[in-house]
Structure formats: C-alpha cells, structure tokens
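Coordinate analysis (summary)
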Amino acid sequence: MNIIEKIRLKKQVVRAVIYARFSSDNQREESIEAQLRAIKDYANKNNLIVVNEYIDKAKSATTDNRPQFLQMIADSKEEIFDLVLVHKLDRFARNRQDSIGYRMELKRHGVSLISVLEYLDDESPESLILESILEAMAEYYSKNLAREVHKGMKENALKGQHTGGHPPLGYDVNPQTKMLVINPKEAEVVKLIFNLYTQGKGYGAVIDELNLRNYRTKNGKHFAHGSLSGIIRNEKYIGLYIFNKSAAKDVDGIRHGGSKDESEIIKVEGVVPPIISKETFQLAQEIIKKRVRGDSRKIPKHIYVLSGKIICGECHGAFIGHSRYAGRSKSLQVAYRCSVRKNKHMCVNKEVRREYIEKIALRKLAEIVYDEAFISQLVKVYGNYQLGKNAELVKRREDLKENIIQFSKEIDNLLILASKVSSEALANKLTELEHLKIQSEAEYQRLCNNNNLKEVTEDMIKDSFKIVKQLFEASDLRSCKKLIELYVEKVVIYRDEAIVLYRLHPDMVHSCYEILLNRSSGTLADTTSPNDCVGEPSEVVLRGSKRYSFTSSRKKLQIQVNNCVLQLFCTP
Ligand SMILES: [Zn+2]
C-alpha cells in the first residue's frame, strides 16, 4: 500500500499542497508552468485535493531565498494538509542535511513528501533505508568534523602552540613555531597591573593609572573592568597553558559560560614563558576573592521585571533599572530612569520608582482578569476593531465559517440518504461536497493565520485569564516575571503620566488594554474610558502630542494594595 492509499484509509480524503521552485538562471530547468502541470496531473490522477500552492522564484539556484518554502513548513503545523507534492526532489531542498531536517519537521506534523517525477514514496522500504543512511551520514559529518578540529587543537595545546585568536597581552605568537613568546613592552604593562592590584588598588584606580601612561589593551582599546579582570585571572602569566576550559555549547550551539570539569581541562606547564611570579599571582587571586565577597554585600541585587518593556515617552529611549542611596537618610532608592538621560543628559524625563510602576502594572492586570463582566466587553470591542480595520476579510472569514457549517449539514444529510440507497450520483455529490468543505476549511485556516484576523472568543480570553490567575496565585517572583513577559506589552513613562499597555491574549496582536496614570495626584488616576480600551500600541506610544494637564509637585505615592501578591515587590 502506498502512502496515498494509507492516508485515504485513515482520513477518506487526501489533502495536498504543491511546492515549486524555479531559478531563472538555469535554462535547462522545466519552467514553473511545466512543473505545476506535471504536479497537477499527478494530483488529478491520484484524486488528491490541492488546498494550496507555494511557489518560489529565485534569481539564482544557489541563493537561499525561499519565503514560500518556509511558509509551507510553517503551515504544516496547522494540520491542514497531508502531502507536499514536488516536481523533483531537488526542488525540495538544497542539500541532504537540509532535506532531512525539513522532512523530519513535516513528518512530525503528519505530512509526507512525494516527488512526482521520481515516484519516491515516503513510506517505501527503500526510502526508509535511504533516509536513515542520509541521516546517519549527516550526523557523522558534523560530529567527525568537530572531533577532528578539537583533536588538532588539543595536540597544539600539548605542544604549547597557540590555538587561535589573539594572544594575551604580554605575548606574541612566533609565526614559525606557533609558540607564545614574551613581548617585552607589553610584559611591563602586565607586571604593572599585577603590582598595582596586589598593592590594594581597585580596578578603577588601576585603569586610571594605565590611561595616564597611555597604555592600551591587545586590541588597542582602553582598559576596562572586563579586560583587567581577564588579565588578573589568566594563568598563562605564570607559565600555565590552559586548554578546553570553557564549557561546551548546548544543542542550540549557544555557550552558557562556566567551566568544564577539572578532569577535562588540559593544563601544560613549562611551554609558556612566565611573566608574573606564582606568589604575586596567588596574592592577586586572594584579593579577587575577598573583593567579590565584599561587593556582593555592599550592593543588593535588584530584579527589574519591567526591563525591556518600559520606555521613555519623551525621547523613546529605554528606561533602565537604577538604584542609589539618596535623601537625607541615605535610604536606598530603586527606580527606572531614561537611559538617554543617564548617558547623554539629553532627555528631560524623570525617573519612576520601581515598586510604584511595577505594582500598578500588576494590580491593574489583576483588576482586569478578576472582573467577570470585562471579558464580553473586550471581545466586542476587539471584534469591532477588527471589523473597522479589515471589514472585507472579516466578512470573508465569517462567510467561510457559515459555508463550512452548511457543507457539514448537507454532507450529514447525504450520508443518511446514502445509508438507505446507493447511487453513483449520490457518491459523486458527496465527494464534491467533501472537497468544497476542505477547501473552505483551508482558506479559513489561512485567513485566521493572518495575525490581524485571528479570531478571539470569550472562551479563549477566559482560558488566557485562567493562566493569569494561576500566576497571580502562585505569588512568587518567577510568576510575576512571567505575567509581565506575557501580558504587559509596554509601559511608557512621560514626564507627567504613565501608560501601561496590556496584551490580554496572545492572538490579539494589535490590541491592548490601555491605562493612563497620572504621576502627581497621589492616588491612582485611571483616565481610560472603557469604550476605547483597544488600540494599536504603536499609535498610542508615538502619539506625542497628547498630553494631560498636570502640576509638577511629586508627592510620595501610596497605593492601597488589596491583593497580597502585589506586596511582593516591597521586599526584594
Ligand atoms: Zn528619555
């Protein structure tokens, strides 16, 4: 049984999409029309319903510009088709690894690939063997390559040869032997750094001294905390060659910092000429340890949960977390302030107290989600908003929905009839209706995939709010972060007021619930009217001209918090 028969047995109808690719610089290639004709012939012969076509026209066969291909892969997740038809396999992917990756992706969503010309059937034993061989080869290539590279680097390290990149300050690489040799001028700088540091000078003082003498790093830059700490911790300066220290990359190829297990680290002594004595180096390490401990006691770590979401309404710069000791009592003040103002003194905006803005953002969210009546209002307003923006498409979506219901009804009726009398006309009519229904469903799905047209129902909002409530009830810092990450779209701080924009459901792409807060009044002034709570954030954020009258005395804000969860931010 081939794959088409198998799907038909399971689902009665087989839904397919066409993928075709055409590169204009290849003369020998079949034209896009010829490819499509061959595929459609195949689909007709095998009684497949074609629900969509994806066509890429690339300028050159080698460039990887395949937006439609990627769209097809993305759509495969929606389970609106069972098969992808291509003219030839080389239309599908550019190389083996690529092909395997995407075929696995399709398979995960129950979609098979058929090449019309090669009659390569996804489920045939030959194809299964071929697939597993290709997969194994791809894995072998990538692993073996990494192993060879690593082996070479390890051998170099054991010989004390430099394994690549810049040598550290104080050393050069001998181009013949690839060994590190001392650069006398730079070595003096290294010695000076260690001397100053072990005399008890902090990083700042050492940097000042180095700048005064016009010394630069190996890259020709001014010294900074990072480069200095790298030098003071570098064991090469006592003649130790260290290799394989950084922890491996994870499956996504990202290094997360940290070190490998001691046993895996290769340390070779006597291949690098030392610059610093072991005693001085040891002393420096002890100072580092003491300093680190001291520092962590002095500056409490603050978590700024709104980071990345909070911006300046006056200059559109980012607001960033900042803490300092201020006032007569030198009490700790934790706030967000405009980064432009901090760095360039170019913005007039004032900072906003962290606990104030975080509490408001979360409290308002709590008020929204615990208000039962709000949901239906939100759905209505959002529906009207969509209608205003995309009236035609919304109508098409509604029509399709009705069509699908209508087709289902007719099919049900015919099925009842078919159970009593059997006739070819009836069977044909049934098939025709099935096709129409499937095509409507596919188009409906495609429309709904358009972000502006995602349908949002009361049930969907209720589900979404259920998650919000769970997070509130969990009442820990992680949940608060999650709440803000998922539901707060943006916080805009103006001189006189603040705006919090919420995205109350992930599918409500352009819609937010907006609250305006008066900065001065001492009480929370919510000036939003419930009828215009939906709008596009970009319009709101950049409106600029809309300001509210305001007197500029800043009183201490006291906010009544009735939900205990929101007390959280009072105690770090
Ligand atoms: Zn600013």
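The following refers to the structure shown. Since this is a predicted model, take the numbers as computed values, not measurements. (Residues numbered from 1 in each chain as written. Predicted model: local features only at pLDDT ≥ 70, side-chain atom pairs only at ≥ 80, totals over all residues. Heavy atoms only, no water.)

1. What about the sheet that holds strand 11 (residues 319–326)?
Judged by pairing direction, the sheet is antiparallel, and its three strands sit side by side in the order 11-12-13 without closing on themselves. If you trace the sheet from one side to the other, it starts and ends with strand 11 and strand 13 (352–353), each paired once. Here strand 12 (residues 331–338) runs beside strand 13; their pairing, made up of two bridges, is antiparallel. From the neighbouring strand, Y336 faces strand 13, where its bridge partner is V352. (Pairing = 2+ DSSP bridges. Helix = DSSP H or I, 4+ residues; strand = E, 2+ residues; numbered from the N terminus.)

2. Comments concerning the environment of I207
Secondary-structure assignment places I207 in helix 8 (residues 203–212). The spacing of I207 and F223 is 16 residues in sequence and 6.1 Å in space, taken between C-alpha atoms. Residues contacting I207, with those up to four places away along its chain left out, are F223, A224, H225 and L228. (Contact = heavy atoms within 4.5 Å.)

3. Examining the nonpolar core
Counting residues in hydrophobic clusters, the biggest one holds 45 residues, and the most contacted among them are I310, I357, L365 and F465. Elements with a minimum of two residues in this core: strand 10 (310–312), strand 12, helix 12 (354–369), helix 13 (374–420), helix 15 (458–474), helix 16 (477–487), strand 14 (488–493) and strand 15 (497–502). Leave out the neighbours within four places in its chain, and L365 touches V468, F472, L483, Y487, Y502 and L504. The next biggest cluster of nonpolar side chains, apart from the first, holds 37 residues, and it includes A157, V189, I193 and V271. (Core = buried A, V, L, I, M, F, W, Y, C linked by side-chain atoms within 4.5 Å. Buried < 20%, exposed > 50% of the residue type's maximum accessible area, 1.4 Å probe, protein only.)

4. A few points about helix 8
Of all the residues in helix 8, the buried ones are Y203, V206, I207 and L210. Within helix 8, the buried residues cover an arc of 100° as seen down the axis, which keeps them to one side. Opposite the buried face of helix 8, by more than 90 degrees, sit the exposed residues D208 and L212. Residues of helix 8 that are buried make contact with helix 7 (184–198) and helix 9 (225–233). Following helix 8 by one or two positions, N214 adopts a phi angle in the positive range, close to 65°. (Arc of directions from axis to C-beta.)

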